[in-house]
Amino acid sequence: MAAYDADSSAGGDLAYDPNFVPDSVKTFVVHLYRQIREKNVYEIHQMYEGSFNRLTDRMFRESPWPTAEAVEPYVDGDHVFCLLYREMWFRHVYARLTPTPKQRVESWDNYCNLFGVVLHGVVNMQLPNQWLWDMVDEFVYQFQSYCQYRAKLKNKTEEELQLLRNFDQAWNVYGVLNYLQALVEKSNIIQILEREKEGLEQFTVDNGYDYQGGSNVLKMLGYYSMIGLLRVHCLLGDYRTGLKCMAPIDLSQQGVYTNVIGSHISTIYHYGFANLMLRRYGDAIREFNKMLLYILKYKQYHQKSPQYDQILKKNEQMYALLAVCLSLCPQQKLVDENVSTQLKEKYNDKMTKMQRYDDEASTVYDELFSYGCPKFITPSAPVLDEPLMNYNQEAYRLQLKMFLFEVKQQQLLAGIRSFLKIYSTITVTKLAQFMDVDEATLRTILMTYKHKMHSTDNDGKIVSNADIDFYVDDDTVHVVEAKPTKRFGDYFLRQILKFEEMISELEKVQLD
Amino acid sequence: MAKEAQQQVSYTVEELVAVNPYNPDILADLENYVNEQVSSQKYSLDANLCLLRLYQCEPERMSPPIVARILIKALMAMPAQDFSLCLFLIPEQVQSEEQFKTLIVLSHYLETARFRLFWDEVAKNRSLLESVPGFQQAIEAYAVHVLSLTYQKVPRAVLAEAINKEGLALDQFLEYHVANSGWAIEKSQGHSQLIVLPPNEFNHPELKKNASDSVSYEHVTRIFPVLS
């Protein structure tokens, strides 16, 4: 790997010497290296989350850390440690500085080397899940960032264009997808999750860690790659395949994905968004609701975390998407009270507007969708001859256009809904009069309502999302209010387990 | 023998899509598979999405006739949302080509249950749609599905418009479904026919099972240690 070129540093800090290793960094890497060798996961986590960020704040706010080459002698030249260090190095550049085009390509190379080593099965460390999640998350993020970067061709220098020509394999979409897929496969994670259902594995109970002296790295990278694949497919607009990649993980339960808050939020956000685009509004609302409630309760514990800003941003995005879902498919009982209060505070006006289904409504849908959606990408390689244009918005514009088209198709349904709320029976003729359309048109509107409010799940089964339903007998419409579903079964199961826990705690108490 | 060989190919393609989907080398296989789906009236959304993704990554290799066939097959899969799922992967400039604009209009009419407009537009585009066998029947099945969600009893005229049949053809259609699908025919007050559709949970709400209250086996196993 080429040494970091101080002159072309984006920080412009000519005082930065990439080979100078301050004492505190020396201590840090020596200590971290030892902890990794001794597999002290707790210690590693403290250093990774705590020390690294404290040192960054103190000494590397505007310049990169010393290079891996400079640090190598203090860690016995350990190849894998250097790959890990370099990954953190690039992540820091992306977070605090702006990566140069060359650095983007070099980071890709590093990921290829790092994943290559892991896929060969020769890594026998135990690393904190937070670290492993961050790796996958950052990998996808840098891919997304690169696609955005190379789609902005207009103001590129000749040097930049040449780099794009020479390194056309860097961050190519097949490579990214194939690495994620390879990690999923090589780790056998899908089989592990299957066997766990039959009680043959302790994966979730052990939180992915290996207590028999082995390594959790490949397994956990495989696990997190499933979420990575969901994310990449959402960025490409392929929602169905994205959801399929996540199928092995049971989202109705706690799982390893909930233990690192970043992975929890990323999973639910993308899952919810994919369901929104698939018109499965009920599923999207349910999951967004759970996640938002969780964040409401627990965000205070993450205030000091470097991810706090990200958590807040995703929180806001999910409120916007929830507002959209509820406007398209009003539901009374799916949203928790506390979440509902927050939602009303942020979006009450806008939701009223959206449920009116006129041109102004369209503007609001546009605004909220654009705020809440992921940063879609165009996966194809740029065409590098004149005239050079920016096409980084194309993917987003397509998804937005399709979404607004769907909204428009549902435009007339709001009128129907307001009448269905008032009447228990009404003739087709009368209803048509009220809505100021002819009978034939009204019949098509009734059928459209039925079609749009019922979605098809993955097995082809039709599921109703409607809160207000009806059926037609010749020329009379009979309205039916959907009964709120009380989940007694789940409730009792939870209480049984809770009481068992309490009883066993009490039994442990010894009275003198 | 030839049929077995054909089955061999499609098995391999499905396997490819499951095992190695992010691979530009399978593009030709996937294109052949689309044609096979058309000629033998099969359908695979996953394989077609895989192909559309490959086209997305390498737009120079995109074949408009294949994309058109994929979209028509997706239309035939309604009420499933396959058509939109495919469109999410097709760039705007491609979507604005004439044949795709037509297909988008057709999808719009079906999504909003405007059957008369739909069949009128189909009549204007016979050459495009007749190349895919089974199109007519698939749309008829969708129309019947939407009617079954909505109506307990549907007037003959509404059914006729939805499936684009009149007179003798309509009578034959009704006869078939009365004999095989549990339909019945009544006389309405205006002396015209009323078709009674079989009851399901959507047009007969009392039939709706409170499915969410049933507990899955996996969840019950959680308390086995407690019960023992």
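Residues numbered from 1 in each chain as written. Chains lettered and ligands numbered in written order. Predicted model: local features only at pLDDT ≥ 70, side-chain atom pairs only at ≥ 80, totals over all residues. Heavy atoms only, no water.

## With respect to the overall build of chain A
The helix and strand inventory of chain A stands at 21 helices and five strands. Its C-alpha atoms put chain A at 85 × 85 × 40 Å along the principal axes. Here chain A, with 512 residues, has 56% of them falling under the buried criterion. In chain A, 72% of the contacts between residues at least 6 apart in sequence involve partners at least 24 apart. Counting 56 positive and 67 negative side-chain charges, chain A places the averaged centre of each group 3 Å from the other. (Helix = DSSP H or I, 4+ residues; strand = E, 2+ residues; numbered from the N terminus. Buried < 20%, exposed > 50% of the residue type's maximum accessible area, 1.4 Å probe, protein only. Contact = heavy atoms within 4.5 Å. Lys, Arg positive; Asp, Glu negative; His and termini not counted. Charge placed at Lys NZ, Arg CZ, Asp CG, Glu CD.)

## Digging into the pattern of salt bridges
By the definition in use, this model includes 37 salt bridges over all chains. The shortest N-O distance in the salt bridge between Asp23(A) and Lys26(A) comes to 3.4 Å. Residue Asp23(A) and its partner Lys26(A) are both found in helix α1 (residues 23-37); the two are separated by three residues, about one turn of the helix. One network of salt bridges, in which partners are shared, links Arg279(A), Glu406(A), Lys452(A) and Glu111(B). (Salt bridge = Lys/Arg side-chain N within 4 Å of Asp/Glu carboxyl O.)

## What to know about helix α16 (residues 359-372) of chain A
All names here are of chain A. Between its first and last C-alpha, α16 extends 20 Å over 14 residues, near the 20 Å set by a 1.5 Å rise per residue. Among the residues making up α16, those that are buried are Ala361, Val364, Tyr365, Leu368, Phe369 and Gly372. Viewed end-on, α16 has its buried residues packed into an arc of 125°, placing them on one side of the element. Seen from the open side of α16, the exposed residues pointing more than 90 degrees away from its buried face are Asp359 and Thr363. Along its buried surface, α16 packs onto α12 (261-277), α14 (308-328), α15 (337-354) and α17 (394-409). The N-cap of α16, judged by a side-chain oxygen 3.2 Å from the amide nitrogen of glutamate 360 a few residues on, is aspartate 358. (Expected span 1.5 Å × (residues − 1). Arc of directions from axis to C-beta. Polar contact = N/O pair within 3.5 Å; in protein donor to acceptor, adjacent residues only side chain to side chain.)

## Side note on the nonpolar core
Counting residues in each nonpolar core, the largest one holds 242 residues, and the members touching the most others are Leu127(A), Trp131(A), Tyr223(A), Tyr224(A), Phe403(A) and Leu103(B). In terms of residue count, helix α10 (residues 217-236) of chain A provides more of this core than any other element does, 14 residues in total. (Core = buried A, V, L, I, M, F, W, Y, C linked by side-chain atoms within 4.5 Å.)

## Some details on the packing of aromatic side chains
In the structure shown here, the tally under the stated rule is 36 aromatic pairs over all chains. Here Phe28(A) and Trp65(A) contribute two aromatic rings whose centre-to-centre distance is 5.6 Å and whose plane-to-plane angle is 55°, an arrangement assigned as tilted. One end of the pair, Phe28(A), is in helix α1; the other, Trp65(A), is in the loop between α2 (41-59) and α3 (68-71), with 37 residues separating them in the sequence. Neither Phe28(A) nor Trp65(A) differs from the other in exposure class; each is buried. Centroid distance Tyr33(A) to Phe81(A): 5.6 Å. Interplanar angle 75°. Geometry classified as edge-to-face. Of this pair, Tyr33(A) sits in helix α1 while Phe81(A) sits in helix α4 (residues 79-96), placing them 48 residues apart in sequence. Note on Phe81(A): relative accessible area 2%, which makes it buried. Aromatic rings pair up to connect Tyr239(A), Phe273(A), Tyr365(A), Phe369(A), Phe376(A), Phe403(A) and Phe88(B) into one cluster. For the cation-ring pair, Lys156(A) lies above Tyr149(A), with the distance from its terminal atom to the ring centre recorded as 3.9 Å. (Phe/Tyr/Trp six-rings, centres within 6.5 Å; stacked < 30°, edge-to-face > 60°. Lys NZ or Arg CZ within 6 Å of the ring centre and 35° of its normal.)

## Some remarks on the sheet that holds strand β1 (residues 151-155) of chain B
Strand order in the open sheet made by the six strands is β1(A)-β5(A)-β4(A)-β1(B)-β3(B)-β2(B), with mixed pairing throughout. Looking at strand neighbours, the two that pair on one side only are β1 (425-427) of chain A together with β2 (184-187) of chain B, the edges of this open sheet. Going from strand to strand, the sheet's axes swing by 30° on average, the running direction of each strand aside. Running at roughly 85° to β1(B), helix α11 (residues 156-163) of chain B makes contact with β1 and β3 (193-196) of chain B of the sheet. (Pairing = 2+ DSSP bridges. Axes fitted to C-alpha atoms, helices over the stretch in contact; angles between N-to-C directions.)

## Remarks on the layout of surface pockets
It is a probe the size of a water molecule, rolled over the atoms, that shows where empty space is left. Residue and element names in this part refer to chain A. Here the second largest pocket defines a volume of roughly 1600 Å³. Along the wall of the second largest pocket there are 47 residues; nearest its centre are Asp137, Glu138, Tyr141, Gln307 and Gln310. Of all elements in the fold, only α2, α4, α6 (129-150), α12, α14 and α16 reach the threshold of two or more residues within the lining of the second largest pocket. Of all the elements, α6 adds the most residues to the lining of the second largest pocket, at eight residues. Of the residues belonging to the lining of the second largest pocket, the class tally is 18 nonpolar, 16 polar and 13 charged. (1 Å grid on protein atoms, 1.4 Å probe; cavity = no way out; pocket = protein on both sides within 12 Å on 5 of 7 lines; lining within 4 Å. Points joined across faces, edges and corners; volume = space filled by probe spheres on them. Nonpolar A, V, L, I, M, F, W, Y, C, P; charged D, E, K, R; others polar.)

## Quick word on helix α10 (residues 135-150) of chain B
Over its 16 residues, α10(B) extends 23 Å from the first C-alpha to the last, a length consistent with the 22 Å expected when each residue adds 1.5 Å. For α10(B), a buried count of 13 out of 16 residues is recorded, marking the element as mostly surrounded by other parts of the structure.

## Quick notes on the packing of α14(A) against α15(A)
Pairs of packed helices are described in terms of their axes, by the angle between the two and the distance that separates them. All names here are of chain A. Put simply, α14 and α15 touch, their axes get as near as 9 Å, and they point 55° apart. As judged from the angle between their axes, α14 and α15 are oblique. The handedness of the crossing between α14 and α15 comes out as right-handed. Every residue of α15 that contacts α14 at Glu316, Tyr319, Ala320, Leu322, Ala323, Val324, Leu326 and Ser327 is listed here: Val339, Gln342, Leu343, Lys346, Tyr347, Met351 and Met354. When the residues that make up the contact of α14 with α15 are grouped by side-chain class, the tally is 11 nonpolar, two polar and two charged. (Parallel < 35°, antiparallel > 145°, perpendicular 65-115°, else oblique. Left-handed = near helix turned anticlockwise from the far one by under 90°.)

## Considerations on empty space enclosed by the protein
Throughout the structure, instances matching the rule amount to five cavities of 30 Å³ or more. Of the voids in this model, the largest cavity is the one considered here, and its volume is about 70 Å³. Counting residues per element, the ones that place at least two in the lining of the largest cavity are α8 (173-186) of chain A together with α3 (45-57) of chain B. The residue makeup of the lining of the largest cavity, split by class, is nine nonpolar, no polar and one charged.

## As for a nonpolar patch on the surface
Residues and elements named next belong to chain A. On the surface, a nonpolar cluster with roughly 400 Å² of combined accessible area is contributed by Phe488, Tyr491, Phe492 and Ile496. Looking at the secondary structure, you find isoleucine 496 in helix α21 (residues 488-508). Owing to a relative accessible area of 33%, isoleucine 496 belongs among the partly exposed residues under this scheme. (Patch = residues over 30% accessible without salt bridge, like charges linked within 9 Å, V, L, I, M, F, W, Y side chains within 5 Å. Areas by Shrake-Rupley, 256 points an atom, 1.4 Å probe, with all protein chains shown as cover.)

## A short note on the environment of His454(A)
You can see His454(A) is positioned in strand β2 (residues 454-456). Since its relative accessible area comes to 5%, His454(A) is described here as buried. Spatially, the C-alpha atoms of His454(A) and Glu159(A) are 54 Å apart, while their sequence positions differ by 295 residues. Residue contacts for His454(A): discarding those within four places in its chain leaves Arg279(A), Ile462(A), Val463(A), Ser464(A), Asp469(A), Leu149(B) and Phe202(B). At 2.6 Å, the side chain of His454(A) and the backbone oxygen of Lys450(A) are in polar contact.

## A word on the interface of chain A and chain B
Size of an interface, as often reported, equals the accessible area lost when the parts are brought together. Facing 62 residues of chain A, the contacting portion of chain B comprises 61 residues. When chain A packs against chain B, the two sides together hide about 5600 Å² of surface, and 59% of this comes from carbon and sulfur. Ranking the residues of chain A by area buried against chain B places Tyr174(A), Met447(A) and His451(A) at the top, with a combined share of 13%. Linking chain A with chain B are six salt bridges, by the criterion used here. Put simply, Lys244(A) and Asp46(B) hold a salt bridge, and the shortest N to O gap is 2.5 Å. Seen at the junction of chain A and chain B, the total is 20 residue pairs in polar contact (both at pLDDT 80 or more). The dominant element in the side of chain A that touches chain B, judged by the number of residues it contributes, is helix α20 (residues 439-452) of chain A, at eight residues. For the side of chain A that touches chain B, the class distribution of residues is 26 nonpolar, 18 polar and 18 charged. In this structure, strand β4 (residues 468-473) of chain A lies alongside β1(B), joined through two bridges in parallel fashion. In the strand pairing of β1(B), Val472(A) is matched with Tyr151(B). (Buried area = accessible area lost by both parts, 1.4 Å probe.)

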